[in-house]
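Structural features, examined
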Amino acid sequence: LGRTLLNLERVDVGFVAERALAMEISLPDTRYPSPEARIAFHRRTVDAIRAIPGVRSAAASSTLPLSGNDMAIGFRIEGRPVRDDDHGNAAYHAISPDYFTTMGMRLLRGRVFTERDDEHRRGVIVISDTMARTYWPNEDPLGKRITVSYGNTGVREVVGVVADVKESAVSEPARAEMYTPFAQTPWPFFTVVVRADHDPAPLAAALRSTIARLDPEQPPGDVQTLGYFVREATAQPRFTATLAAAFALLATVLAGLGIYGVLAYGVAQRRR
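The text that follows walks through the structure, step by step, so that each part is easy to find. Everything numeric here is computed off the predicted structure, so don't read it as measured data. (Residues numbered from 1 in each chain as written. Predicted model: local features only at pLDDT ≥ 70, side-chain atom pairs only at ≥ 80, totals over all residues. Heavy atoms only, no water.)

In this structure the tally under the stated criterion is 13 aromatic pairs. With a centroid separation of 6.5 Å and 45° between ring planes, the pair formed by phenylalanine 100 and phenylalanine 113 is classed as tilted. Separated by 13 residues along the polypeptide, phenylalanine 100 in helix α3 (residues 99–103) and phenylalanine 113 in the loop between β5 (107–110) and β6 (124–128) bring together distant segments of the chain. By relative accessible area, phenylalanine 100 is classed as buried at 3%. (Phe/Tyr/Trp six-rings, centres within 6.5 Å; stacked < 30°, edge-to-face > 60°. Helix = DSSP H or I, 4+ residues; strand = E, 2+ residues; numbered from the N terminus. Buried < 20%, exposed > 50% of the residue type's maximum accessible area, 1.4 Å probe, protein only.)

See below:
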């Protein structure tokens, strides 16, 4: 158990957890009923947080890896027959352009999103390395076209491939993952992630006050570090290892007392 826990602590989760904060935001339909309203608030939020002193970069995603909010969506590859037994799906994230940089994720091929990949441009998508190797094992996925099963957002061209991340558990194998621009696929919720120059903890109050300034009726969500998500992902094996160690220590103490009692009794008998 100790070796297992040590190995989990050394697993590459695919992003840099140090000096990063995350805050969840949920947009009520009463004030943000349309995609245009959600996109506008999403942009204002990211721009305002990026301007906070001490913030190196800021971005947003519909969900974050290891946060407990795992979202998988089906997709179809253009030019391939659709079979009843073929139900392709992948972990899905709608992100802002600076998401990969802020999360510390590596670009392997192609490009990441820019501000030009907005709601008025053609649909684009970035996929993970595992998705590329799974569905295009012997060919280059760049330029291939995918339809994501979310609304009627149309066909998307693969423009980049990024390294895998751990989505829901540190011990799980890599999964297929896909990313689309938030402006092209707006959601009624998203999580802001901030990369700080130094200790990010003092920025928590600034994040909350920024949201209150943008919309006084919008309650800010919980603020956590990315390191918190990583620790929570290994909390169960850490608890199991700690519990086993406690029982092992108790057993050692009881065994020691038992041996001492037997030896003490033997010495007493010999003296008599």
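Another aspect to go through is a nonpolar patch on the surface. Judged by side-chain polarity, Leu243, Phe247, Leu249, Leu250, Val253, Leu254 and Leu257 come together as a nonpolar surface patch covering roughly 700 Å² of accessible area. Given a relative accessible area of 39%, leucine 243 falls into the partly exposed group. (Patch = residues over 30% accessible without salt bridge, like charges linked within 9 Å, V, L, I, M, F, W, Y side chains within 5 Å. Areas by Shrake-Rupley, 256 points an atom, 1.4 Å probe, with all protein chains shown as cover. Salt bridge = Lys/Arg side-chain N within 4 Å of Asp/Glu carboxyl O.)

Next up on the list: the side chain of histidine 42. Mapped onto the fold, histidine 42 is located in helix α2 (residues 35–50). By relative accessible area, histidine 42 is classed as buried at 6%.

Attention now moves to the environment of proline 186. Take proline 186: it is sitting in the loop between β9 (177–181) and β10 (189–196). Overall, proline 186 belongs to the buried group, its relative accessible area being 12%. When the C-alpha atoms of proline 186 and serine 34 are compared, they prove to be 9.3 Å apart, with 152 residues separating the residues in sequence. Apart from residues no more than four positions distant in its own chain, proline 186 is found in contact with Pro35, Arg38, Ile39 and Tyr150. (Contact = heavy atoms within 4.5 Å.)

Our focus in this paragraph is the pattern of salt bridges. Between side chains of opposite charge, pairing is possible as soon as their charged atoms come close. In this structure the tally under the stated criterion is 15 salt bridges. Residue aspartate 117 is joined to arginine 111 by a salt bridge in which the shortest nitrogen-to-oxygen separation is 2.9 Å. The class for aspartate 117 is buried, based on a relative accessible area of 10%. Classification of arginine 111 as partly exposed rests on a relative accessible area of 31%. Between aspartate 129 and arginine 133 there is a salt bridge; the shortest N-O distance is 3.1 Å. Placement of the pair is aspartate 129 and arginine 133 together in helix α4 (residues 129–135), with a separation of four residues, close to one helical turn. Overall, the relative accessible area of 19% leaves aspartate 129 in the buried class. Its relative accessible area of 49% is what places arginine 133 among the partly exposed residues.

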